[in-house]
Amino acid sequence: MKYTELPTPCYVVDEALIEKNLKTLEAVANRTGARILLAQKAFSMYILYPLIGKFLSGATASGLYEARLCAEEMVRPAAAEGRKPENHIFSPAYREADFGEILQYCDHIVFNSWKQVEKFGFRAKAAGKSIGLRINPECSTQEGHAIYDPCAPGSRLGVTKDNFDMVLETAPENNLFSMLDGLHFHTLCEQDSDALERTLSAVEENFGQYLPHMKWINFGGGHHITRPGYCFPRLERCIGKMQEKYGLTVYLEPGEAVALNAGFLVTTVLETLHNGIDIAVLDSSAACHMPDVLEMPYRPPLLGSGHPGEKTYTYRLGGPTCLAGDIIGDYSFDKPLSEGDRLIFEDMAIYSMVKNNTFNGMPLPAIALREKDGKCRIIKQFGYADFKGRLS
């Protein structure tokens, strides 16, 4: 099947581009000895988990369902080949009803507070799990995206130095610290290794006295390792420092880097109109099918287009929902758009399938895989039953 034969809207993930990213990440791991995990919150196309598991050390989950998905689609197939990818999990707070099942699937469990360690840690330790605590180094590296800043004032994510020290000073007899195998932080979002270097300095300043007692440290996600121009030498120095100075195993949890620039959203022009500016209504919605366009916000690249005014014809591209702000952005083209034209948005593998929704009864896009021979194969299509099944 060719692009022109795909139903729209349709996500298309390119297997060769995914593998290219995986090889870049594997090369970092091979050079440094670090263990790199897939953060499923960014990309959960599980048909590719067997491939991902061959290059990475495993995956990390944000909750029970992601943990189960990794167990079923990455760990189980690898076990048949004699490999055992790791299955990590972190949640700001675990549900009692879920925790027993989490213990079945995960080998590394990271807690968000001393109270969570006290509530669940003894049970996890008795089950042979590696226990971690998320720390908040109180070092903001975000610029203009407070929604993605776990170090913002009042953050619920991670234990600050004061709260870390307070538990050890006021209740040394509770033995919680001795249960910890590692510390975890996650402060980056689409950033280079300079942000990691600054964050590590804060981690050492605030928590350095505890690092010699740990077995591992997890640098979290947000590392844009596979984007052009990323500074590998600095990243590798950061990894090496933690290994050599403290004897720690280093984990990284990139999500975007695994599928960066490896996916597309194929869409069709439904209507064109004019209201002070030329407008095109597409069968794809920013609100439903590419939520980060509104949440980040950001302007997704569009194949063959330019910035407003760069090419002859400029259009505002919007979705078919009733939301006035369902706007993808303004783009210019070499020729006028017409009903039935196909447009291809790029970098649509990450935070798209995992975050889409059926607001207004919008159909979910089909999911296709572009295989290494260049042909596209439909993996899944959605219909009315998928919309109705989420309601009651």
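Cut-offs applied
- Residues numbered from 1 in each chain as written.
- Predicted model: local features only at pLDDT ≥ 70, side-chain atom pairs only at ≥ 80, totals over all residues.
- Heavy atoms only, no water.
- Helix = DSSP H or I, 4+ residues; strand = E, 2+ residues; numbered from the N terminus.
- Rg over C-alpha atoms; globule rule 2.2 N^0.38 Å.
- Buried < 20%, exposed > 50% of the residue type's maximum accessible area, 1.4 Å probe, protein only.
- Axes fitted to C-alpha atoms, helices over the stretch in contact; angles between N-to-C directions.
- Parallel < 35°, antiparallel > 145°, perpendicular 65-115°, else oblique.
- Contact = heavy atoms within 4.5 Å.
- Nonpolar A, V, L, I, M, F, W, Y, C, P; charged D, E, K, R; others polar.
- Pairing = 2+ DSSP bridges.
- Right-handed = clockwise from strand over helix to strand, strands pointing away.
- Core = buried A, V, L, I, M, F, W, Y, C linked by side-chain atoms within 4.5 Å.
- Salt bridge = Lys/Arg side-chain N within 4 Å of Asp/Glu carboxyl O.

1. As for the overall build of the chain
Then step 1. Counting its regular elements, the chain contains twelve helices and 16 strands.
Then step 2. Compactness check: the chain gives a C-alpha radius of gyration of 23 Å against a globular reference of 21 Å for 392 residues, within 12% of the reference.
Then step 3. Taking the principal axes of its C-alpha atoms as reference, the chain extends roughly 70 × 45 × 45 Å.
Then step 4. Sorting the 392 residues of the chain into buried and exposed places 54% on the buried side.

2. Focus on the packing of helix H7 (residues 193-207) against helix H8 (residues 232-246)
Helix-helix packing is described using two parameters, namely the angle between the two axes and the distance between the axes.
Then step 1. Where H7 contacts H8, the axes come no closer than 8 Å and their chain directions differ by 25°. With respect to each other, H7 and H8 are oriented roughly parallel. The residues of H8 that touch H7, namely those facing Ser193, Asp194, Leu196, Glu197, Leu200 and Glu204, are Arg234, Leu235, Arg237, Cys238, Lys241, Met242, Lys245 and Tyr246.
Then step 2. Grouping the amino acids of the contact of H7 with H8 by side-chain chemistry returns six nonpolar, one polar and seven charged.

3. Here we look at the pairing of strand E4 (residues 86-90)
Then step 1. With respect to burial, E4 is a largely interior element, five of its five residues being buried.
Then step 2. Here E4 shows no split at all, with Glu86, His88 and Phe90 on one side and Asn87 and Ile89 on the other all buried.
Then step 3. In this structure, strand E3 (residues 58-61) lies alongside E4, joined through four bridges in parallel fashion. Opposite alanine 61, over in E4, you have isoleucine 89 as the bridge partner.
Then step 4. In this region the chain leaves E3, passes through helix H3 (residues 64-79) and returns to the parallel neighbour E4; the handedness of that crossover is right-handed.
Then step 5. Here three bridges tie E4 to strand E5 (residues 108-111), and the two strands are oriented parallel to one another. Residue pairing in the sheet places phenylalanine 90 in a bridge with valine 110 of E5.
Then step 6. Handedness of the β-α-β unit built from E4, helix H4 (residues 96-105) and E5 comes out right-handed.

4. Examining the side chain of histidine 289
Then step 1. Tracing the backbone through its elements, the reader meets histidine 289 in helix H10 (residues 286-289).
Then step 2. On the basis of relative accessibility, which here comes to 0%, the residue histidine 289 falls in the buried class.
Then step 3. In this structure, histidine 289 is in contact with Pro9, Tyr11, Leu265, Asp283, Ser284, Ser352, Asn356, Met362, Pro363, Leu364 and Pro365, ignoring residues within four places of it in sequence.

5. Concerning the environment of threonine 312
Then step 1. Counting through the fold element by element, threonine 312 comes out in the loop between helix H11 (292-295) and strand E12 (313-318).
Then step 2. Classification of threonine 312 by relative accessible area gives exposed; the value is 60%.
Then step 3. Distance from threonine 312 to serine 332, taken between C-alpha atoms, is 6.7 Å for residues 20 residues apart in sequence.
Then step 4. For threonine 312, the contacting residues outside a window of four places in its chain are Phe333 and Asp334.

6. Structural notes on the nonpolar core
Then step 1. If you look at the biggest cluster of nonpolar residues, it comprises 102 residues, and the most contacted ones within it are Phe219 and Leu317.
Then step 2. Non-local contacts of leucine 317, meaning those with residues more than four positions away in its chain, are made with Ala280, Leu282, Leu302, Ile327, Ile328, Gly329, Tyr331, Phe333, Leu337, Leu343 and Phe345.
Then step 3. With nine residues, the next largest nonpolar core counts Phe264, Ala366, Ala368 and Cys376 among its residues.

7. Quick word on the pattern of salt bridges
Should the charged atoms of two oppositely charged side chains come close, the side chains can pair.
Then step 1. Throughout the structure, instances matching the rule amount to 24 salt bridges.
Then step 2. Here glutamate 295 ties to lysine 355 by a salt bridge, and the two come within 2.9 Å at their closest N and O atoms. Here glutamate 295 is found in helix H11, whereas its partner lysine 355 is found in the loop between strand E14 (342-346) and strand E15 (366-370), with 60 residues between them in sequence.
Then step 3. Classification of lysine 355 as partly exposed rests on a relative accessible area of 26%.

8. A closer look at the sheet that holds strand E7 (residues 182-184)
Then step 1. Reading around the barrel, the eight strands line up as E2-E3-E4-E5-E6-E7-E8-E9 and close back on themselves, with parallel pairing between neighbours. Each neighbouring strand pair of the sheet contributes to a mean axis angle of 25°, computed without reference to strand direction.
Then step 2. With three bridges joining them, strand E2 (residues 35-39) and E3 adopt parallel strand pairing. Note on E3: the bridge partner recorded for leucine 38 is alanine 59.
Then step 3. Set on the sheet, H8 makes contact with strand E8 (216-218) and strand E9 (249-252); between it and E9 the angle comes to about 145°.

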